[in-house]
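Chain by chain, the residues:
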Amino acid sequence: MRIFPSGAPYTGVTDAAFGGESIKAVVYLDVLLLVNFLAAYFLLLAAGALGGLRAGFGRMLLGSGAAALSSLILFAPELPYPAQLLYKVGTALLVTAAAFGWRRPRRLLTAACWYAALNIALAGLAFLAVLRSGTDLVQTGNLTVYLRISPLLLVGLSGVCCLAVELGLRLLDRRKPAVQTVGLELELAGVPVHLRAALDTGCHLRDPATCLPVLVVSFADARARLPEPVQRYLQGWFQGETTAQPPPGTHLRLIPCRTAAQSGLLPGFAVGSIGLITEHGILALGRGAVAFAPQSFGSERYEALYGSDFL
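Enquirer: Could you clarify how one ought to interpret the pairing of strand 6 (residues 181–188) in this entry?
Expert: For a regular strand, side-chain orientation follows a simple rule: the groups alternate between the two sheet faces. Both strand 6 and strand 7 (residues 191–199) contribute to a ladder of eight bridges, which runs antiparallel. Along strand 7, the bridge assignment pairs Glu185 with His194. A loop of two residues connects strand 6 with strand 7, the two strands running antiparallel in sequence, and Ala189 in this loop sits at a positive phi of about 55°. In the sheet, strand 6 pairs with strand 11 (residues 275–278) via three bridges, with the strands oriented antiparallel. Looking at strand 11, one finds that Gly183 is bridged to Ile277.

Structural data, given as structure tokens:
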């Protein structure tokens, strides 16, 4: 469902009849696109948070632009209901894919469902505002709704939806049980290394050579567990000595990493096999890669992080 603010001339004028009288609704096309762009930006932020996805600023702009353009269906001739429904489903997927990419279809579908649900929630808030303000102009077409509502109010309501999601997630995070860790075994420079790892749903690093998910290890926390040659090499790397040869028996990997604050390359190594330590022995998880971050994760319970698609 797409909501439109009130405004003035587009090129044609839409009519709504109430009590036998014809009321003309005119729309500024630039205002319409800008307001829907801003509203979509807030809703995509909230949908990404709920779906466990993050997007860069450029991708968010692309998704918001696609959402704004999709709202022009209001001015198209009335389509058959199946075509209207197909258009809404297709544009929801297109908008979320433009923002978050196609590489993770299940998470993309989740984000698209959240995006559609948040649009419906925004429509409910907008209708409530209309009822309280006493305005009586509502125009619909192709499952799209035009309301006589202030553009600033509509953008503000979109921000309220985003803020409510953020606050809800923060409250739920506080109630989460203690972090569950797993023991992992891998081999570096011919020496077995044992690490404790915790699940981090925001960890989506992948080895660019194999496209396999990457285990992220805190060098500060795990240093004492690493072989001496690996310790020296990583210490030199984080001090700027990036041209040194990696330890014998290792294969260097440079893992792209981007956070909210910065982006760069993390040093790492290809691993022939990573094993999950269980009460019945070592369960082989197959080959992979480990990347090393210089900072501590701030916990004494684990030295590594893995994403939801790692194990």
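Enquirer: Explain unusual backbone geometry to me, please; I cannot follow it from the model alone.
Expert: Comment: phi is negative for the bulk of residues other than glycine, and the bulk of peptide bonds are trans. For Ala189, which is not a glycine, the phi torsion comes out positive at approximately 55°. For Ala189, the position within the fold is in the loop between strand 6 and strand 7. Of the residues examined, Ala189 reaches a relative accessible area of 23% and is grouped as partly exposed. Of note in this structure, Cys211 is not a glycine but carries a positive phi near 65°. Among the secondary structure elements, Cys211 is positioned in the loop between strand 7 and strand 8 (214–218).

Calculation notes
- Residues numbered from 1 in each chain as written.
- Predicted model: local features only at pLDDT ≥ 70, side-chain atom pairs only at ≥ 80, totals over all residues.
- Heavy atoms only, no water.
- Pairing = 2+ DSSP bridges.
- Helix = DSSP H or I, 4+ residues; strand = E, 2+ residues; numbered from the N terminus.
- Buried < 20%, exposed > 50% of the residue type's maximum accessible area, 1.4 Å probe, protein only.

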